[in-house]
Each structure stands twice: as C-alpha cells, then as structure tokens.
Amino acid sequence: MSDKPDKLITDDGLRLDGRRADEIRPMKIEIGVLSRADGSCYLEWGRNKILVGVFGPREAHPRRSQRADSAVIRYRYNMASFSTEDRARPGHSRRSIEISKVSREAFEPVIMAELFPKTAIDIFVEVLQADAGTRTAAINAASIALADAGIPMKGLITSCAFGKVDGQIVLDLSKDEDNYGEADFPVAMTQDGEITLVQMDGHLTPEEIKKGMELAKKGCKEILEIQQEVLRKKFETPVEDTVEKA
Ligand code: ADP
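What you see is a predicted model; the values in this text were computed from it and never measured. (Residues numbered from 1 in each chain as written. Predicted model: local features only at pLDDT ≥ 70, side-chain atom pairs only at ≥ 80, totals over all residues. Heavy atoms only, no water.)

Our focus in this paragraph is the overall build of the chain. The secondary structure content of the chain amounts to 5 helices and 10 strands. Against the 2.2 N^0.38 benchmark of 18 Å for 246 residues, the chain shows a C-alpha radius of gyration of 19 Å, consistent with a compact globule. A principal-axis box enclosing the C-alpha atoms of the chain has dimensions of 60 × 50 × 35 Å. Every one of the 246 residues in the chain was classed for burial, and the buried ones make up 47%. Distance from the positive charge centre (36 side chains) to the negative charge centre (42 side chains) of the chain: 6 Å. (Helix = DSSP H or I, 4+ residues; strand = E, 2+ residues; numbered from the N terminus. Rg over C-alpha atoms; globule rule 2.2 N^0.38 Å. Buried < 20%, exposed > 50% of the residue type's maximum accessible area, 1.4 Å probe, protein only. Lys, Arg positive; Asp, Glu negative; His and termini not counted. Charge placed at Lys NZ, Arg CZ, Asp CG, Glu CD.)

Two elements, strand β2 (residues 39-45) and strand β3 (residues 48-59), share 7 bridges in a ladder whose sense is antiparallel. Within β3, the position partnered with Gly-39 by the bridge is Val-54. The loop that links β2 with its antiparallel partner β3 comprises 2 residues; one of these, Gly-46, has a positive phi angle of about 60 degrees. With 9 bridges connecting them, β3 and strand β5 (residues 119-129) associate as antiparallel partners. Across the sheet, Lys-49 pairs through a bridge with Gln-129, a residue of β5. (Pairing = 2+ DSSP bridges.)

So, on to the side chain of Asp-131. Mapped onto the secondary structure, Asp-131 falls in the loop between β5 and α2 (134-148). The class for Asp-131 is buried, based on a relative accessible area of 11%. Here the side chain of Asp-131 touches Arg-47 through a polar contact of 3.5 Å, side chain to side chain. Look past the residues within four positions of Asp-131 in its chain and what remains in contact with it is Arg-25, Arg-47, Asn-48, Ser-174 and Lys-175. (Polar contact = N/O pair within 3.5 Å; in protein donor to acceptor, adjacent residues only side chain to side chain. Contact = heavy atoms within 4.5 Å.)

Inspection of the region around the ligand gives 13 residues, with Arg-95, Ala-132, Gly-133, Thr-134 and Arg-135 positioned closest. Note that an oxygen atom of the ligand is positioned 2.7 Å from one of the side-chain N or O atoms of Arg-95. The separation between an oxygen atom of the ligand and a polar main-chain atom of Gly-133 is 2.8 Å. Its free accessible area being 540 Å², the ligand has 76% of it covered by the protein chains. For the shell around the ligand, the secondary structure elements donating two or more residues are α2 and α3 (175-180). Split by residue class, the shell around the ligand holds 3 nonpolar, 3 polar and 7 charged. (Near = heavy atom within 4 Å. Areas by Shrake-Rupley, 256 points an atom, 1.4 Å probe, with all protein chains shown as cover. Nonpolar A, V, L, I, M, F, W, Y, C, P; charged D, E, K, R; others polar.)

We now examine the pattern of salt bridges. Enumeration according to the criterion identifies 22 salt bridges in this entry. Here Arg-15 makes a salt bridge to Glu-177, at a shortest N to O gap of 2.8 Å. Residue Arg-15 is found in the segment before β1 (27-31), and its partner Glu-177 is found in helix α3; the two are separated by 162 residues along the sequence. A cluster of three or more residues bridged by salt bridges with shared partners is formed by Arg-15, Asp-17, Arg-19, Arg-25, Asp-172 and Glu-177. (Salt bridge = Lys/Arg side-chain N within 4 Å of Asp/Glu carboxyl O.)

By the secondary structure assignment, Ser-70 is in the loop between β3 and β4 (72-79). Not counting chain neighbours up to four residues away, the residues in contact with Ser-70 comprise Ala-113, Glu-114, Phe-116, Pro-117, Lys-118 and Thr-119.

Turning to the sheet that holds β1, a few remarks are in order. Spatially, 5 strands are ordered β1-β2-β3-β5-β4 in an open sheet, and the strand pairing comes out mixed. Edge strands, defined here as strands with exactly one partner in the open sheet, are β1 and β4. Strand-to-strand twist in this sheet, taken as the mean axis angle between neighbours without regard to direction, amounts to 15 degrees. Most of the contacts of α2 go to β2, to which it runs at about 150 degrees, and overall it touches β1, β2, β3, β4 and β5. (Axes fitted to C-alpha atoms, helices over the stretch in contact; angles between N-to-C directions.)

Here it is, written out as structure tokens:
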C-alpha cells in the first residue's frame, strides 16, 4: 500500500488523479467477449478490470434449487489471486459472499425471472484487476452481460460509489481515496433512479448522505449513457440492412 499523501484533494479541488469531486473514472466497455457464455462483458473502470459471463436461463441444478414459479438468479463475485497488490486468497471469503448476495439483490427487481420457471440465470464475475470500486464496476458489467444474453429486464442497473475524502463528498473513490478516506458508500439503481443497493463503510451525516446520493445519481446517469451506447452499437440494425434482407 502506498504511503498516505499529505492531501487527497488539493486547494484547487483536484483529486490525486486529477478528477474533480463529481467526476467518475474513465470507463470502457466491451460486449460479447466470451463465445461460450450466453452473454458477456469486459469492463475497465479506472484501473479496475472486470470480466462477466452470463449463462441461462438454463435448467437449474441441483433440482432442489429450482423454483416452480420463477428462475433462480445466482451471482458469483470472485477476485483473481493476482488482482490485488497483495495476493488475494483464492476461493470464497466473507467479503465475496456478501458482495455476491447484495449484487444479486441489486438485479432482482429488474430481471423478469417469473418468465422462466425451474431455470437458473448464472452471473459469474471475475475481477482481474482491482483498484477500489470492484463491486460497482462488476454490477455495471453484469448489467451489460445480462442484456447481451437476452435476459428480459425492466431496465438496466447502474452502480457507482460516493465517499468522503479530506472531509469532502466525492464520487467514485480511487484506491488511495478508499484506503485513506473517511467513508465509502456504494449505490446501485434502476434507470428510473430506484435504489437497489446501498452499503456504507465509515461514518457520514444524513446531510452528507443526501449530497452523496445526488452525486451518485449523476454518476449513474453518465454510466447509463455509456451502457446504452454499447448496447445500441451491438443491437441496432441499420435501416439499410433491414431493407436489403427483406
Ligand atoms: P470494492 O472493490 O467494491 O470497493 P472493498 O471496499 O471491499 O470493495 O475493497 C476496496 C479495494 O480493496 C478493492 O477494490 C481491492 O483493490 C482491495 N481489496 C479488497 N479485498 C482485497 C484482498 N482480499 N486483498 C487485497 N486487496 C483487496
């Protein structure tokens, strides 16, 4: 871990990586990167690198895990052992189990699971490189991978954290800000702004949370635009093509 810098935010309001308080890190999304998955996504967000594969709806095994009235949604978040500065211990941990659970719950309100009784929809997340904000990055990638798999959803889910650094509320914490900041508050929401995940690490006043939620909404709106652009590129058939094929 790097030494604590004197200041995480300069007097000019710039953060260590040059961002302003309300700016997210650069995000890059590729869709359909795994040929064996029904849907997939590779996402880079700052230095985070995340790969997501979606499988299903497919018959759920073991059978006792099936639900007669809907699909079961399974979400597995995993960090590669080489994804962090210190080697991450392979396999499940309390942290990965918790992240998997809250991330699955973040998608449950939008996935139309009732259309596929007795099946499973599996979302596998592999964190290849971690640099703070991996759960939010993974949710953004999973949203695209689910759409790529053609899973019926009421809309996309977007996710972004805010936090408190040097006493200021800022959007999308970097690794140093996460290490040395005072609070981290990941949020996920539907396209309509309905909150489907909130977590808090650290201490924030109600006013700070209110301010942070406004920032998170702004961040999620920007991410939604990036997600929609990627999906539009993949699925929008140019009018000329449709005419030629008819
Ligand atoms: P998130 O990645 O969603 O922000 P945390 O706040 O738990 O989740 O973790 C912050 C960062 O700390 C991670 O993105 C990663 O860079 C690092 N980290 C998390 N778990 C480990 C671990 N087991 N070993 C080393 N670094 C880790």
